[in-house]
Amino acid sequence: MTEDENIEQIQQFAKTWNELYQAEKFDQMMDLACVDVGIANAKASTDPSGLIFGRENYKKGIVDTYYGSSGKEHNLLVMQWQGWEYIRLDDNQYYTIGRYTLEPNYVGVNCWLLRREHQDAPWRIYRVINN
């Protein structure tokens, strides 16, 4: 598979992520992450890396963002994958780095480390870092 094909698949992955988030399909979003996904969250972490781990924590972060501090918001988080940088580590690992928007008025930077077991396997989020 060429690098362009890998990037095209990753862009489709990010597009699907956006669609699932907008449709409030948070359980399905957990399947986009590795079982041992690590999420940057130094405040909640007991690990020296500052990461928290697992799909349930991944889902909790997504749900908490969507419903916001009031628990009643419907914050639309959109990965702006069209402008991201795609950094190839090998055929089955890529970093993505780029902007996301959180409605109504927040812009941040997101970094995913994506992995797949082999070229025919689906991409999964292995690490998440954002500000």
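Everything numeric in this text was worked out from a predicted model, so none of it was measured.

1. As for the overall build of the protein
Then comes step 1: Helix and strand content of the protein: three helices and seven strands.
Then comes step 2: On the principal axes, the C-alpha backbone points of the protein span a range of 45 × 30 × 25 Å.
Then comes step 3: Classification of the 131 residues of the protein by burial places 40% in the buried group.
Then comes step 4: Long-range pairs, those at least 24 residues apart, make up 48% of the contacts in the protein with a sequence separation of at least 6.
Then comes step 5: Of the charged side chains in the protein, 13 are positive and 19 negative; the average position of the first set lies 5 Å away from that of the second.

2. Notes on a negative patch on the surface
Then comes step 1: A cluster of like negative charges, contributed by E3, D4, E5 and E8, occupies part of the molecular surface.
Then comes step 2: Positionally, E3 belongs in helix 1 (residues 3-22).

3. Describing the pattern of salt bridges
Then comes step 1: Per the stated rule, a full pass over the model turns up four salt bridges.
Then comes step 2: Note that D31 is salt-bridged to R55, the shortest N-O span being 3.9 Å. Separated by 24 residues along the polypeptide, D31 in the loop between helix 2 (26-30) and strand 1 (33-40) and R55 in helix 3 (residues 55-67) bring together distant segments of the chain.
Then comes step 3: Looking at R55, the relative accessible area reads 25%, which means it is partly exposed.
Then comes step 4: Here D91 and R88 are joined by a salt bridge, their closest N and O atoms 2.7 Å apart.
Then comes step 5: Residue classification places D91 among the partly exposed positions, given a relative accessible area of 27%.

4. Observations regarding helix 1
Then comes step 1: For helix 1, spanning 20 residues, the distance from its first C-alpha to its last is 29 Å, which sits close to the expected 28 Å at 1.5 Å a residue.
Then comes step 2: Of the residues trailing helix 1, E24 is marked for its positive phi of about 60 degrees.

5. Some points on the side chain of T101
Then comes step 1: Tracing the backbone shows T101 in strand 5 (residues 93-102).
Then comes step 2: For T101, the side chain forms a polar contact with the side chain of Q80, separated by 3.1 Å.
Then comes step 3: Beyond its immediate stretch of four places on either side in the chain, T101 contacts L76, L77, V78, Q80, Y106 and V107.

6. Some remarks on a nonpolar patch on the surface
Then comes step 1: Residues I87, L89, Y95, I97 and V109 make up a contiguous nonpolar surface patch of roughly 360 Å² in combined accessible area.
Then comes step 2: At the level of elements, strand 4 (85-90) and strand 5 are the ones that each hand at least two residues to the nonpolar patch.
Then comes step 3: Residue placement: Y95 occurs in strand 5.
Then comes step 4: Residue classification places Y95 among the partly exposed positions, given a relative accessible area of 31%.

7. Some thoughts on the packing of aromatic side chains
Then comes step 1: Enumeration over the complete set of coordinates arrives at twelve aromatic pairs.
Then comes step 2: Seen in terms of ring centroids, W84 and Y86 are 6.4 Å apart; in terms of plane orientation they differ by 45 degrees. Their pairing is tilted. As far as burial versus exposure is concerned, W84 and Y86 are alike and both buried.
Then comes step 3: Centre to centre, the rings of Y100 and Y106 are 6.1 Å apart; their planes meet at 40 degrees, and the pair counts as tilted.
Then comes step 4: Exposure remark for Y100: the relative accessible area of 8% places this residue in the buried category.
Then comes step 5: Site record: aromatic cluster; members linked through ring pairs are F13, W17, Y21, F26, Y66, Y67, W84, Y86 and W112.
Then comes step 6: Geometry around Y126 places R115 over its ring, the cationic atom sitting 3.6 Å from the centre.
Then comes step 7: The residue whose ring lies beneath R127 is Y126, and the NZ or CZ to ring-centre distance is 3.9 Å.

Conventions used here
- Residues numbered from 1 in each chain as written.
- Predicted model: local features only at pLDDT ≥ 70, side-chain atom pairs only at ≥ 80, totals over all residues.
- Heavy atoms only, no water.
- Helix = DSSP H or I, 4+ residues; strand = E, 2+ residues; numbered from the N terminus.
- Buried < 20%, exposed > 50% of the residue type's maximum accessible area, 1.4 Å probe, protein only.
- Contact = heavy atoms within 4.5 Å.
- Lys, Arg positive; Asp, Glu negative; His and termini not counted.
- Charge placed at Lys NZ, Arg CZ, Asp CG, Glu CD.
- Patch = residues over 30% accessible without salt bridge, like charges linked within 9 Å, V, L, I, M, F, W, Y side chains within 5 Å.
- Areas by Shrake-Rupley, 256 points an atom, 1.4 Å probe, with all protein chains shown as cover.
- Salt bridge = Lys/Arg side-chain N within 4 Å of Asp/Glu carboxyl O.
- Expected span 1.5 Å × (residues − 1).
- Polar contact = N/O pair within 3.5 Å; in protein donor to acceptor, adjacent residues only side chain to side chain.
- Phe/Tyr/Trp six-rings, centres within 6.5 Å; stacked < 30°, edge-to-face > 60°.
- Lys NZ or Arg CZ within 6 Å of the ring centre and 35° of its normal.

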